[in-house]
Amino acid sequence: MDVTSLSNASITGQIYDPRLIPWTGGNEGAVLRWYRDPTGTPTIGYGFTWGSRIFRNWWMVKHGRKMRAGDTISKSDAILLLGKLIDEDYAPPVIAALNRSTSTVTRHGVSAAIDMAYNCGAGSLKWSWFRLLLAGDIKGAAAKYRVTAQTSKGRKLPGLVRRRKEGAAILERNIWPDWVLAPASLTTRDIARSLPTWRLRTDDHLQGLIWLEQLKVLSPGHRGDARAIRQAVLTFQSQHLQLANDGILGRATLDQIQRVVDLKAKARTTGAGGGAVAGSGAADQAAGVSGYGDVLLYGGLALTLAVLGYFAWQYRDELALALKSYRRKL
C-alpha cells in the first residue's frame, strides 16, 4: 500500500491488518483488575494506563474519577477499548509519520509499527527501526525491530524477545504466529472470538517459575509439578493483597513477582556493606505481608531516608495494603 493514500482511508480495518488486534491483545494479556506493571505504573485491561488519553477519557466518563487500586473492568469493555486505543491512540502517529515519508509500507508493516507503539509508547517511533522503515529499508527495519525494547527494568525478558521476533517477521514477510486468528469483523463480539484463551506463554511462565525459586517460594526441581506451582503462586498472591488469590500465574502476578525481585536486588545493592536492621511490631508485619522484608533486613545503615522514601513511594500500594492487613489483626 502506498502511504500517500493512507490519509484518505479509514484507519479501522484498512490501514492495518485486523490480525493486529488479537496479536497485540494476546501479547499484552487481559487483566480485569487494577495492578502495577514492573515499572510501578497502574494498569488494567490490555495494558491500559492513565497515560492514554483515550483510556483516561473513557474511564472518567464511566466512573467520574481517576482509576485506583481495587478497580475492575469487564472483558467486553476491555476488548472494546483495545480496538479503540489502537485506532485512536497508537495508529494515528504511525500513519502521520508514514504520510510524511516517501516510502511504500504494507498493511502488515503498519501493523508491526502500531504494536511497537502500543507496547513501548509513541516515543518508539523516534527509534532507529522506524527511521529505517520511513526510509524504505524494510529488511533493515525488521532487523532492528527484532532486537529493540527487549528489556524491562534492565532485564531481558523472554516474552519481549518473542514479541519482537514475531513483529519482525510480520513487518518483513507478513508471517503471523499460528495462534493469531483474523476476526470475522471488527465488532467487539468477533474480536472476542478471535482472541485466544489467555494464559502466559511458555517463555514468560518459565521466567515466573525461575523468579519464584529465587524468592524461595517454589522449591527447586518442582517446575513441572502443577500442584507445587499452584501452591507457590497462592503463597505469593496471599502476600500481595492486591492480587487475585486464584493460584494462576498470570500477567498481574508475573509483573508483581518481577517488582519484588527488582526491589530485593535494589535493597541488596543499596545496603551492601551495611548491617542488618532490627524491625519490630507493625514494621515486621508489613515486611512479612508485603514480601518486602529485605528492604529492612538488607539495608542497614546504608539505606538512607531518601532511599527508604523512594521505596515507600514506589511500593506505596503494597505497603499500605500490608499495614491495613496488620491493623485488622490487632
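Residues numbered from 1 in each chain as written. Predicted model: local features only at pLDDT ≥ 70, side-chain atom pairs only at ≥ 80, totals over all residues. Heavy atoms only, no water.

(A) The sheet that holds strand E2 (residues 42-45), seen in detail. Taken together, the three strands give an open sheet; going across it, the order is E1-E2-E3, and neighbouring strands pair in antiparallel fashion. What marks the edges here is a single partner per strand, and that holds for strand E1 (31-36) and strand E3 (48-49). Pairing of E1 with E2 involves three bridges; the strand directions are antiparallel. Note on E2: the bridge partner recorded for Val31 is Gly45. (Pairing = 2+ DSSP bridges. Helix = DSSP H or I, 4+ residues; strand = E, 2+ residues; numbered from the N terminus.)

(B) The arrangement of the environment of Arg107 in detail. With respect to the helices and strands, Arg107 occurs in helix H5 (residues 107-120). Overall, Arg107 belongs to the partly exposed group, its relative accessible area being 32%. Taking the C-alpha atoms as reference, Arg107 lies 9.8 Å from Ile170; in sequence the two are 63 residues apart. (Buried < 20%, exposed > 50% of the residue type's maximum accessible area, 1.4 Å probe, protein only.)

(C) Layout of the packing of aromatic side chains. The tally for this structure, following the rule as stated, stands at 10 aromatic pairs. When the centroid spacing of 5.6 Å and the interplanar angle of 35° are considered together, the rings of Phe48 and Phe55 count as tilted. Both residues of the pair, Phe48 and Phe55, belong to the buried class. Considering the side-chain rings of Trp50 and Phe55, the 6.2 Å spacing of their centres and the 85° angle between planes classify their relative orientation as edge-to-face. On the basis of relative accessibility, which here comes to 0%, the residue Phe55 falls in the buried class. Here a set of aromatic residues connected by ring pairs shows up, and it is made of Tyr46, Phe48, Trp50, Phe55, Trp58 and Trp59. (Phe/Tyr/Trp six-rings, centres within 6.5 Å; stacked < 30°, edge-to-face > 60°.)

(D) Molecular detail of the layout of surface pockets. In this structure, the largest pocket occupies an estimated 820 Å³ of space. Surrounding the largest pocket, 36 residues form its lining, Glu28, Asp37, Asn119, Leu160 and Arg163 being those nearest its centre. Elements with a minimum of two residues in the lining of the largest pocket: helix H2 (20-28), helix H4 (75-99), H5, strand E4 (151-152), helix H8 (158-173), helix H10 (202-214) and helix H12 (251-270). Here the residues of the lining of the largest pocket sort into 12 nonpolar, 15 polar and nine charged. One number sums up the size of the second largest pocket: a volume of about 390 Å³. Considering the residues around the second largest pocket, the lining is formed by 20 residues, among which Ala30, Val31, Asp246, Gly250 and Arg251 are closest to the centre. Listing elements by their share of the lining of the second largest pocket, those giving two or more residues are E1 and H12. A per-element tally of the lining of the second largest pocket places E1 first, with five residues. (1 Å grid on protein atoms, 1.4 Å probe; cavity = no way out; pocket = protein on both sides within 12 Å on 5 of 7 lines; lining within 4 Å. Points joined across faces, edges and corners; volume = space filled by probe spheres on them. Nonpolar A, V, L, I, M, F, W, Y, C, P; charged D, E, K, R; others polar.)

(E) Here's a closer look at H5. Given a rise of 1.5 Å per residue, 14 residues ought to cover 20 Å, and the 20 Å separating the end C-alpha atoms of H5 matches this to within 8%. By the criterion of burial, H5 is predominantly enclosed, with 11 of the 14 residues buried. The complete set of buried residues in H5 reads His108, Gly109, Val110, Ser111, Ala112, Ala113, Ile114, Asp115, Met116, Ala117 and Tyr118. Where H5 ends, the next residue or the one after it, Gly121, has phi of about 95°, a positive value. (Expected span 1.5 Å × (residues − 1).)

(F) View of the pattern of salt bridges. Applying the stated criterion to the full structure yields 16 salt bridges. In this structure, Arg193 engages Asp190 in a salt bridge whose closest nitrogen and oxygen atoms are separated by 3.5 Å. Within this pair, Arg193 and its partner Asp190 are both found in helix H9 (residues 188-194), separated by three residues, close to a single helical turn. The network of salt bridges with common partners includes Arg162, Glu166, Arg201, Asp203, Asp204 and Arg251. (Salt bridge = Lys/Arg side-chain N within 4 Å of Asp/Glu carboxyl O.)

(G) The confidence of the model for the protein, seen in detail. Confidence in the prediction of the protein, expressed as mean pLDDT, is 82, and 77% of residues score 70 or more. Looking across the protein, the model is least confident in helix H13 (residues 281-290), with a mean pLDDT of 34, and most confident in helix H7 (residues 138-146), with 97. Within the model, the stretch residues 1-13 combines pLDDT values under 50 with 30 contacts to residues more than four positions away or in other chains. Counting contacts from residues 273-307, a segment whose pLDDT is below 50, to residues more than four positions away or on other chains yields 62 contacts. (pLDDT = per-residue confidence, 0-100. Contact = heavy atoms within 4.5 Å.)

(H) Structural context of unusual backbone geometry. The residue Asn174 is not glycine, and still its phi comes out positive at about 60°. Mapped onto the secondary structure, Asn174 falls in the loop between H8 and H9.

(I) Broad picture of the nonpolar core. Counting 49 residues, the largest nonpolar core has Phe48, Phe55, Val94, Ile114 and Phe130 as the members making the most contacts within it. The set of elements that each furnish at least two residues to this core consists of H2, helix H3 (53-63), H4, H5, helix H6 (128-134), H7 and H8. Sort the elements by how many residues they give to this core and H4 lands first, with 12 residues. Aside from chain neighbours lying at most four places away, what touches Ile114 is Tyr16, Leu20, Ile86, Tyr90, Ala91 and Val94. In terms of nonpolar packing, the next biggest core, distinct from the first, is built from 22 residues, Val31, Ala232, Phe236 and Val261 among them. (Core = buried A, V, L, I, M, F, W, Y, C linked by side-chain atoms within 4.5 Å.)

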